[in-house]
Amino acid sequence: MPTTALTDRLDASAREFVLAPHRLLIGAAAVEAADGRTLASLDPSSGAEIATVPLAGRHDVDRAVAAARDALETGPWQRMPAAERARLIAALADAVEDHSDELAEIESLDNGKPVKLAKVVDVADTVAYLRYFSGWPTKIEGGVLPVAAERMLCYTRMEPVGVCGQIVPWNFPLLMAAWKVAPALAAGCTVVLKPAEQTPLSALRLGELALEVGFPPGVLNVLTGDGSTGAELVEHPGVDKIGFTGSTAVGRQVGAKASGALKRVTLELGGKSANIILPDADVEAAVKGAYQAIYFNSGQACNAGSRLYVPAQIFDEVLAALVDRASQARLGPGLDPATQLGPLISAEQQERVMRCVRQGEAEGAHLLAGGGPALTESGGWFFSPTLFAVEDDELAVSREEIFGPVLVASAYEELEEVVRRANSTPYGLAAGVWTRDLSAAHRLAQMLKAGTVYVNRWGASDPAAPFGGVKSSGVGREHGWLGLQAHLEAKTVWVAL
Ligand code: NAD
Ligand code: MN
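An account of the accompanying structure is given in this report.

### Regarding the packing of helix H10 (residues 227-235) against helix H11 (residues 248-260)
- Look at H10 against H11: their axes get within 9 Å of each other, and the N-to-C directions meet at 25°. Overall, the two elements H10 and H11 adopt an arrangement that is roughly parallel. Regarding H10 and H11, the two cross each other, and that crossing is right-handed. Packed against H10, whose contacting residues are Ala231, Val234 and Glu235, the element H11 presents Val254, Lys257 and Ala258 at the interface.
- When the residues that make up the contact of H10 with H11 are grouped by side-chain class, the tally is four nonpolar, no polar and two charged.

Shown next, in the form of structure tokens:
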């Protein structure tokens, strides 16, 4: 049961939601899992249980997919004018905005992240995202095609791809849900959303708000559950498209299954992104940027700048500045307004990060800051911001995604060398460059193999700007027109006149 101390720290609306019984959202109904199974969501800052949610199984996936299919093919959704679809998505944006404080608290409690970060990043970006995609329904156009045949009209219709199974991770629970749901709804699809087992609460609240603002039942269904629920969704023959964000290992399986069934699939996976400081960079800005790039969200970001390349002549200066910043970081529970770095998501994640750090030390990486759990007396899964210096890129800490607050820094001599080293990874999500040299910036932007290159600003993001990975970091792009297009199918119509 939730402890009084925990929920005392929440405002009334968040407390009411967290303490209420939680149900799957299928069509218009809020239901238990058919087989009655549940899972507990924990507070990463204390390890305490916050809430119990249903653990959806095959039968529930069946029901949710049927509700989504029904809404797609027979309900008001498919007859609805695009402008009305736009209005509903905009209304959901407004509802999320009206519940900003509540959602930020729910997110902070369930995920552990600082409540301020939850509000200005997760919730605010969710609102911006929904609002951006609310602009698209009325702009989805086919074309009339200049075919050679005489007395022939040939045109395309851009139609919704169908029922979308969407599986999201725990690092930005509400925002990742919005990244999936918004383009699907804009395209006229219907959705079965599966939040991560560690952070099920904000997706349930989003689903409730969607019903409250008037989305027809079945358009957005929310199934809480674990990996087995996700696997059922991927394998369900009634699902037309899978959208997945999570680990590369699971993404590979999801992609293989979806492709085998010839479902549409987009995957946003892991990374080991390189952040490169050039010799002429504004060192202060680069240090600040490099710090944020890795320690933001306690390192639990797919696009974390986890490999730092520094010119040999300023290596010691840059690393000393990073050690200084890391030593001043204020770790604490997400709901404490003074907290800068929250805990890791789970005991497993803390152990995983610890294993990676031990392996780094054993393999000869030089530990300059952090290196272990913090605030252990709190019962939470905190980890000190950790910094390694390494000579080359051969160690596991330089190659594997850690998904925690662990930065691996290395000195380099030549531009060609650093580009080669930055690219020598199976991943390709993001890369960063810090320089005042315009031509070097653009040359590197071209040479780096990544879905996104940040110049003098790590982590810039906008609903209009495509995001996604090359190589093992994923398939497809989210955001903008490309993100919408992934939820549309072109139908070509030939009319002999
Ligand atoms: P995960 O890939 O196991 O989980 C992500 C989502 O997929 C969750 O909703 C989960 O329930 C679901 N899932 C798990 N197994 C599934 C399956 N077989 N079929 C369908 N869905 C399934 O990630 P995790 O275990 O939470 O974290 C492990 C590692 O993944 C992290 O340490 C990190 O390296 C990486 N990760 C990456 C991201 C990202 O944003 N790219 C996010 C979270 C985790
Ligand atoms: Mn949780």
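### Digging into the site of ligand 1
- Inspection of the region around ligand 1 gives 28 residues, with Trp170, Lys194, Glu197, Ser247 and Glu401 positioned closest.
- Here an oxygen atom of ligand 1 sits 2.7 Å away from a polar atom, N or O, in the side chain of Lys194.
- Here a nitrogen atom of ligand 1 sits 3.2 Å away from a polar atom, N or O, in the main chain of Gly246.
- Contact with the protein chains covers 88% of the free accessible surface of ligand 1, which is 810 Å².
- Counting residues per element, the ones that place at least two in the shell around ligand 1 are H10, strand E9 (241-245), H11 and helix H14 (347-363).

### Some points on the side chain of Ser298
- Tracing the backbone through its elements, the reader meets Ser298 in the loop between helix H12 (283-295) and strand E12 (307-311).
- Taking relative accessible area as the criterion, Ser298 reaches 4% and is therefore assigned buried.

### A word on the nonpolar core
- Membership of the largest hydrophobic core comes to 97 residues, with the highest contact counts inside it found for Val96, Leu193, Phe215, Ile277, Leu308, Val318 and Leu322.
- Broken down by element, this core gets its largest block of residues, 11 residues, from helix H8 (residues 173-187).
- Beyond its immediate chain neighbours, meaning those up to four positions away, Leu193 contacts Gln166, Val168, Ala177, Val181, Ala203, Leu220, Asn221, Val222 and Leu223.

### Here's the deal with the coordination of the manganese ion (ligand 2)
- Donor atoms from the polypeptide that coordinate the manganese ion (ligand 2) comprise Ser41 (OG), Leu42 (O), Asp110 (O), Asp110 (OD) and Gln198 (O), at 2.2 to 2.7 Å from the metal.
- Mapped onto the polypeptide sequence, the residues donating to the manganese ion (ligand 2) form the spacing pattern S-L-x67-D-x87-Q. Here Leu42 is found in strand E3 (residues 38-42), whereas its partner Asp110 is found in helix H6 (residues 100-111), with 68 residues between them in sequence.
- Residue Asp110 is classed as buried on the basis of its relative accessible area of 1%.

Parameters and conventions
Residues numbered from 1 in each chain as written. Chains lettered and ligands numbered in written order. Predicted model: local features only at pLDDT ≥ 70, side-chain atom pairs only at ≥ 80, totals over all residues. Heavy atoms only, no water. Axes fitted to C-alpha atoms, helices over the stretch in contact; angles between N-to-C directions. Helix = DSSP H or I, 4+ residues; strand = E, 2+ residues; numbered from the N terminus. Parallel < 35°, antiparallel > 145°, perpendicular 65-115°, else oblique. Left-handed = near helix turned anticlockwise from the far one by under 90°. Contact = heavy atoms within 4.5 Å. Nonpolar A, V, L, I, M, F, W, Y, C, P; charged D, E, K, R; others polar. Near = heavy atom within 4 Å. Polar contact = N/O pair within 3.5 Å; in protein donor to acceptor, adjacent residues only side chain to side chain. Areas by Shrake-Rupley, 256 points an atom, 1.4 Å probe, with all protein chains shown as cover. Buried < 20%, exposed > 50% of the residue type's maximum accessible area, 1.4 Å probe, protein only. Core = buried A, V, L, I, M, F, W, Y, C linked by side-chain atoms within 4.5 Å. Donors = N, O, S within 2.8 Å, 3.2 Å for Na, K, Ca; no water.

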